[in-house]
Amino acid sequence: MMYEDMKVKVEHVIDKDEVTDEYITDHQQRQAFNTWTKSFTRMDHPTVIQIILDKSHDKDISGRLMPNLIYVSRGKSKTSPHHFKAGALNVLLRVSAVMTNAPIILTQDCDMYSNDPQTPLRMLCYLSDPALKSSLAFIQFPQRFHGVNKDDIYDTEYKLPFQINPMGLDGLKGPSYVGSGCFFRRRALFGDPSTPVAPEIPELSPEHVVNKPIRSQETLSLAHHVASCNYENETKWGSKTGFRYGSLVEDFYTSYRLHCEGWKSLFCNPERAAFLGNVPITLFDGVNQCKRWCIGLFEVAFSKYSPLTFGSQYMGLLMSLGYSHYAFCSFWCIPVTFYSFLPQLTLLNQVSIFPKISEPWFFLYVFLFLGSYGQNFLDFILVGGTVRRWWNAQRMWMIRGLTCNLFASIEYLLRSLGISTYDFCLTSKVVDDEQSKRYGQGIFEFGVPSPLFVPLTVAAIINLFSFLSGLTGFFSGNNMEGLGLQMILTGSIVLNYLPVYGAIALRNDAGKMPTQIIIISTFVSVALYYASSLCLWSNNDSSKH
């Protein structure tokens, strides 16, 4: 009823382009709306705090008291950094301390919702355990999603980072924080387990007992003060207390610093999903989101707190390697790019770079390939995956290597050299009916003329023509023994890129590959072919002389 009432009010304000007295029902609402002025913008406005429900007297239709529900819009200024999500979480941490100071905090993304009412009880079992209480910082539930299509074509479940790897880290100091579905002990955000960091005012201390009503003028005034855009100046917020600043992946960075301080975490993965959320339904949204994560991970990897140096001193070798695996994951773009182009361009020129089938080294390549994919397949199936979803996860691993990982590496390098800076982009949550229909049918959605798709399309074109050239040579009776591994590799990549070929040549819907991307990629493919031919011809000519 409250939601429907709010919806009518919002629609009325949008239609009228003003807030009229007709929809302001009490003095507190009038005070809140009076905060909005002509100079009020998204990036420059004062703090707004509105108490929607007060557990001391607001009741539901059955007469039971409702929990507190408080709207907080932190103050922002163009002259003060707001630190994105980490800054917002720290404001909420301070405002909640002033109003209630509950010892346990749940952080949740805006598109996630609770799916199991037993979740808080599971969490309390761990946080109430005397053996864990002194060092347990947070309990992370896996990110799980509703609305994923049958075969999860974009690997939006991320089983490896969200389910498989956390189970391994749970045997060490615990999993990393993934930004949502996580219960924190408030005390963990104020120093290491043995030495708490005192906040600048006593009301923010985890041990402070709130004895004033949340609607009192003193409480509201202090809440507005700690949520202002200049409050953190010359304080330890973001460095020694609260959620940590310095990376776009503030969740990963915060848990990393907590583990370095001596805190532990736990992974709780019940059969019924504790929380469910939305997934990107277009390829562009998926890889663009991943690109932002990769840039943030680089910011941690090459900071003074790098997991390889700082982390190994304070967490131990195994835990630091676990964090390093994530922090440096974008470097996978290097071997993925080489294996997507070099064997194919040499195959087009009938040049062998791998061992022949008759040579012993050939079996080493086969063993490493089957061993790596076999282990990954087994891990995936054991956590409830299917064969089709595993195949799509491998496909997306290759696609990310040539899109978000590659572009994130280049963008971070350029920004480090002062040549370029990144933009903070959120994944779109707007769902188009046609896009949703194609996603439900398992059809890849391109549609956006993004540079991210150029290397992917170039690789698809070169691999296809390379494979066809190899087949032609094989059926023509040419000696293809030395090119066997290149043919197998190229054929597997062509098989993975079937959705790309369909988007290039077989579709007419809005989700097909944009024409300008196809044209640019074709020119780049031809240029790469001639450049490789020229290089190989020059090398052959030099060797003869």
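Residue numbers restart at each chain and count upward from 1, following the sequence in its written direction. The model is predicted, so local features are restricted to residues of pLDDT at least 70 and side-chain atom pairs to those at 80 or more, both for listing and for counting; the totals for chains, interfaces and linings are taken over all residues. The side-chain numbers reported here are obtained from all heavy atoms of the structure, hydrogens and water having been left aside.

Going by an unreviewed UniProt entry, the chain carries the name Cellulose synthase-like protein G3 and comes from Gossypium davidsonii. Listed in UniProt under the heading Subcellular location (unreviewed entry), the comment for the chain reads: "Endomembrane system". UniProt positions are given in the numbering used here, feature names are shortened, and annotations may be inferred rather than shown by experiment.

Asks: Tell me what's going on with the packing of aromatic side chains, and back it up with residues and numbers.
Replies: Within 6.5 Å between ring centres, the rings of Phe, Tyr and Trp (the latter by its six-membered ring) count as paired, and their orientation is classed by plane angle as stacked under 30 degrees, edge-to-face over 60, tilted in between. Applying the stated rule across the entire model yields 36 aromatic pairs. The interplanar angle of 80 degrees and the centroid separation of 5.7 Å between the aromatic rings of phenylalanine 302 and phenylalanine 328 together place this pair among those described as edge-to-face. Placement of the pair is phenylalanine 302 in the loop between helix H8 (283–301) and helix H9 (307–315) and phenylalanine 328 in the loop between helix H10 (317–327) and helix H11 (333–348), with a sequence separation of 26 residues. The exposure class of phenylalanine 328 is buried, given its relative accessible area of 18%. A helix here means a DSSP run of H or I that spans at least four residues, while a strand means a run of E at least two residues long, and both kinds are numbered starting from the N terminus. Each residue is assigned to one of three classes by its accessible area relative to the maximum for its type, calculated with a 1.4 Å probe on protein chains only: buried under 20%, partly exposed between the two thresholds, exposed over 50%.

Asks: I'd like to hear about the sheet that holds strand S7 (residues 264–267), residue by residue, with values.
Replies: Following DSSP output, two strands are said to pair if at least two bridges run between them. With mixed pairing, 4 strands are arranged side by side in an open sheet as S3-S6-S5-S7. Two strands in the sheet have a free side with no partner beyond their single neighbour: strand S3 (104–107) and S7. The sheet shows a mean angle of 20 degrees between the axes of neighbouring strands, taken without regard to direction. Bridge count between S3 and strand S6 (residues 182–185): 4 bridges; the pairing is antiparallel. Of the residues in S6, the one forming a bridge with leucine 106 is phenylalanine 183. Interaxial angle, 0 to 180 degrees, is taken between N-to-C directions of lines fitted to C-alpha atoms, where a helix line uses only the stretch in contact.

Asks: Describe in detail the pairing of S6, supporting the description with residues and values.
Replies: Along S6, one buried face is formed by Cys182 and Phe184 and the opposite face, lined by Phe183 and Arg185, is buried too. Alignment of strand S5 (residues 136–140) against S6, held across 3 bridges, turns out to be antiparallel. Across the sheet, residue isoleucine 139 finds its bridge partner in S6, namely phenylalanine 183.

Asks: Residues and numbers for the pattern of salt bridges, please.
Replies: Whenever Lys or Arg places a side-chain nitrogen within 4 Å of a carboxyl oxygen from Asp or Glu, that contact is recorded as a salt bridge. Enumeration according to the criterion identifies 16 salt bridges in this entry. A salt bridge links arginine 389 to glutamate 157; its shortest N-O distance comes to 2.8 Å. Pair noted here: arginine 389 is in helix H13 (residues 387–402) and glutamate 157 is in the loop between S5 and helix H5 (159–169), with a separation of 232 residues, a long-range link. The exposure class of glutamate 157 is buried, given its relative accessible area of 16%.

Asks: Lay out the UniProt feature "binding site: Mn(2+)" (unreviewed entry) in the chain with the relevant residues and their values.
Replies: The feature "binding site: Mn(2+)" (unreviewed entry), as given by UniProt, occupies Lys85 and Asp109 in the numbering adopted here. Of the residues just listed, which span 25 residues, no C-alpha pair is farther apart than 9.9 Å, and they cluster in one region. Considering the arrangement of structural elements, one finds lysine 85 in helix H3 (residues 84–99). Every residue in contact with lysine 85, bar those within four places of it in the chain, is listed here: Asp109, Gly179 and Glu250. Mapping aspartate 109 onto the fold places it in the loop between S3 and strand S4 (112–114). Judged by its relative accessible area of 24%, aspartate 109 falls in the partly exposed class. In this description, contact between two residues means that some pair of their heavy atoms is separated by no more than 4.5 Å.

Asks: Give a description of the nonpolar core that names residues and reports values.
Replies: One broad rule of soluble globular proteins: the nonpolar side chains tend to lie buried together. The biggest cluster of nonpolar side chains holds 49 residues, and the ones touching the most others in it are Leu283, Phe444, Phe446, Tyr497 and Met513. Elements represented by at least two residues in this core include exactly H8, H11, H13, helix H14 (404–416), helix H16 (453–475), helix H17 (484–496), helix H18 (498–506) and helix H19 (515–544). The leading source of residues in this core is H16, at 7 residues. Each domain's extent is set by a domain assignment, obtained either automatically or from a database. Looking at which domains feed residues into this core, each of domain 2 (45–279) and domain 3 (331–543) supplies at least three. Setting aside chain neighbours within four positions, we find phenylalanine 444 in contact with Ile153, Tyr154, Leu283, Arg395, Met396, Ile399, Pro499, Arg507 and Gly511. Counting 32 residues, the second-largest nonpolar core is a separate cluster that includes Ile49, Leu93, Ala137 and Phe243. As used in this record, nonpolar core signifies buried Ala, Val, Leu, Ile, Met, Phe, Trp, Tyr and Cys residues forming a set joined through side-chain atoms within 4.5 Å.

Asks: Which residues make up the side chain of serine 521, and what values go with them?
Replies: Considering the arrangement of structural elements, one finds serine 521 in helix H19. Residue classification places serine 521 among the buried positions, given a relative accessible area of 0%. With residues up to four places along the chain from it excluded, the contact list for serine 521 reads Val454, Thr457, Val458 and Ile461.

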